[in-house]
Amino acid sequence: MSESTTHDHDAVSPWTPSRQQWASLFEDEPRYRVDQLWTGLYHHDLDPIDITNLPKPLRRRIGQQHQPALTPAAEQQTIDGDTLKWLWSMPDGAEVETVLMHYPKRSTVCISSQAGCAMGCGFCATGQAGYQRNLTVGEILEQVVAARRAATIRSRRLSNVVFMGMGEPMANYDQVLEAIGRLIADFEIGARNITVSTVGLVPQMLRFAEEGLQVGLALSLHAANDELRTSLVPVNRRHPIDELVAACQLFRERTRRRVSLEWAMIDAVNDRDQDVAELADVATRARAHVNLIPLNPTPGWPTTGSPPERVAAFAADLSARGVNVTVRANRGTDIDAACGQLAGGPNRRSGTESPVSLDRHR
Ligand code: SAH
Ligand code: SF4
């Protein structure tokens, strides 16, 4: 455990600096010290203070300016232990959440890219809470470190990372891109096992397509006509559906990967026959795959998710129209841990289970 007991507000996360930045901080040290630090941070998931092959005075020196940014405020897991959620608090009081999900063949962490979100989608708990700030590279990566530590304890290997937690990753583009680079190069997570989900910020989607990465892109569509989509996802006014379709096409051309269209099924809102037809048209034009997920209830939104029969019928209808479709199960709804609807707001502790452990250890 860390020796630092108080958190310095000006401290930087040890996972924020690049290797080169560490090298310039270590100018007066033998060159292999940076390698030792880097290996400790990225291969052994250690806080600098716990990297014992570094001399203690050096660890202390690092600790003066570099301290982990995320302190666990609460930790919850489902009864089967397959889904784990953390609520983190940061030195400035901002809070974010992270969810780790174990599946038979993979373990996926769902991470946040911002504290809050400015996009204001009414059905989303994060949108309801509003925007606080962008996360730093270190704050993004520390979530992965925590998930990997927890996975290792269960003899599981963290294989997948999805940017589907709090915030809009494309609105924090530079930090997210840098974090992705580190995930691939240093955490050794395959680019194809990383997915960035966006509300549809077209300029950034186009830029992302040109980065030469094999990272997956998910577009939160939820409605396939502009009037309905604008009512659900206000940013649609700026980037309407035709622009989104063009961005998906470009992404496909540049990366040879198809975009997945996310569709949270809302009872009697976007699960009608008309919606199937419109979605089939958009998915075909965008040459995209469709993921259906029933909407998770949130306190600030009156409508509920479509019943399972409706989800199944909707999926069958799409499939009959030649669309590639997957129905995704909600994970961890009993601890409010459904990926993508992490609640920074009033319901964040309203899980039907009480937290199994609540450790404040810093
Ligand atoms: N801001 C990005 C990524 C975070 S949200 C985005 O919007 O894509 C991750 C996913 O969760 C998105 O597809 C989002 O639309 C979805 N989501 C948000 N609130 C939800 C809810 N209440 N039920 C189901 N999915 C939800
Ligand atoms: Fe932001 Fe995504 Fe929630 Fe919309 S759905 S408010 S973009 S986090």
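Owing to the predicted nature of the structure, the values given are computational and were not obtained by experimental measurement.

> What am I meant to see in unusual backbone geometry here?
Across residues other than glycine, the phi torsion is negative in most instances, and most of the peptide bonds are trans. The phi dihedral of D45 falls on the positive side, at around 55°, and the residue is not glycine. Take D45: it is sitting in the loop between α2 (32–42) and α3 (56–65). Accessibility expressed as a relative area gives 7% for D45, which makes it buried. A positive phi angle is found at H222, which is not glycine, with a value near 65°. Positionally, H222 belongs in the loop between β9 (216–220) and α8 (226–232). The class for H222 is buried, based on a relative accessible area of 8%.

> Just checking my understanding: could you explain the nonpolar core for this structure?
For soluble globular proteins, nonpolar side chains are generally found buried alongside one another. Grouped together as the largest cluster of nonpolar side chains are 97 residues, with contacts concentrated most on F163 and L261. When residues of this core are assigned to their parent elements, the largest contribution, 8 residues, is made by helix α5 (residues 137–153). Two domains share this core, each providing at least three of its residues, namely domain 1 (18–65) and domain 2 (71–357). Beyond its immediate sequence surroundings of up to four residues, F163 is in contact with I111, S113, I140, P169, V176, I180, L183, I194, T195, V196 and S197. Judged by nonpolar contacts, the second largest core, of 6 residues, contains M101, V162, M164 and A218.

> Whenever I open this one, the confidence of the model for the protein confuses me. Can you help?
Interpreting fine coordinate detail is not advised for predicted regions of low pLDDT. With 89% of its residues at a pLDDT of at least 70, the protein reaches an overall mean of 90. Predicted confidence is poor over residues 1–5, with pLDDT under 50, and the contacts of this stretch with residues over four places away or in other chains come to 11 contacts.

> Looking at this structure, I do not really get the site of ligand 1. What am I missing?
Taken together, 20 residues form the shell around ligand 1, and within it G167, S197, S220, H222 and N296 come nearest. Within the complex, 94% of the 530 Å² of free accessible area of ligand 1 lies under protein. Residue assignment for the shell around ligand 1 shows that the elements contributing at least two residues are β8 (194–198) and β10 (260–265). Each residue belonging to the shell around ligand 1 can be placed in one class, and the counts come to 8 nonpolar, 10 polar and 2 charged.

> What's the story with the pairing of β9 in this structure? I'm lost.
Within β9, 5 of the 5 residues are buried, which leaves the element mostly enclosed by the surrounding structure. Burial along β9 is two-sided: G216, A218 and S220 facing one way and L217 and L219 facing the other are all buried. As judged from the 4 bridges shared by β8 and β9, these two strands associate in the parallel manner. The residue bridging T198 from the neighbouring strand is L219, located in β9.

> Mind showing me how you'd approach the packing of aromatic side chains here?
When we look at a pair of aromatic rings, we describe it by the centre distance and by the angle of the planes. All told, the structure shown has 8 aromatic pairs when counted by the stated rule. Centre to centre, the rings of W86 and W88 are 5.7 Å apart; their planes meet at 15°, and the pair counts as stacked. On the basis of relative accessibility, which here comes to 5%, the residue W88 falls in the buried class. Counting every residue linked through ring pairs, the aromatic cluster contains W38, Y42 and F187.

> Before we go on, may I ask you to explain the packing of helix α9 (residues 241–255) against helix α10 (residues 273–286) in this structure?
A pair of packed helices can be characterised by two numbers: the angle between their axes and the separation between those axes. The interhelical angle for the contact between α9 and α10, taken along N-to-C directions, is 35°, at an axis separation of 8 Å. Residues I241, D242, V245, C248 and Q249 of α9 touch α10, and the partners they reach there are V282, R285 and A286. Its residues assigned to classes, the contact of α9 with α10 shows 5 nonpolar, 1 polar and 2 charged.

> How should I be thinking about the side chain of R133 in this particular structure?
Along the chain, R133 falls in strand β6 (residues 131–134). Within the structure, the side chain of R133 is placed 3.0 Å from the side chain of E139, a separation counted as a polar contact. Beyond its immediate stretch of four places on either side in the chain, R133 contacts M90, D92, A94, Q114, A115 and E139.

> What's the story with the environment of A147 in this structure? I'm lost.
You can see A147 is positioned in helix α5. When the C-alpha positions of A147 and L84 are compared, they lie 8.8 Å apart, and in sequence the two are 63 residues distant. With near-sequence residues (within four places) excluded, A147 lies in contact with W86, L100, V109 and L158.

Rules used throughout
Residues numbered from 1 in each chain as written. Chains lettered and ligands numbered in written order. Predicted model: local features only at pLDDT ≥ 70, side-chain atom pairs only at ≥ 80, totals over all residues. Heavy atoms only, no water. Helix = DSSP H or I, 4+ residues; strand = E, 2+ residues; numbered from the N terminus. Buried < 20%, exposed > 50% of the residue type's maximum accessible area, 1.4 Å probe, protein only. Core = buried A, V, L, I, M, F, W, Y, C linked by side-chain atoms within 4.5 Å. Domains from an automatic or database assignment. Contact = heavy atoms within 4.5 Å. pLDDT = per-residue confidence, 0-100. Near = heavy atom within 4 Å. Areas by Shrake-Rupley, 256 points an atom, 1.4 Å probe, with all protein chains shown as cover. Nonpolar A, V, L, I, M, F, W, Y, C, P; charged D, E, K, R; others polar. Pairing = 2+ DSSP bridges. Phe/Tyr/Trp six-rings, centres within 6.5 Å; stacked < 30°, edge-to-face > 60°. Axes fitted to C-alpha atoms, helices over the stretch in contact; angles between N-to-C directions. Polar contact = N/O pair within 3.5 Å; in protein donor to acceptor, adjacent residues only side chain to side chain.

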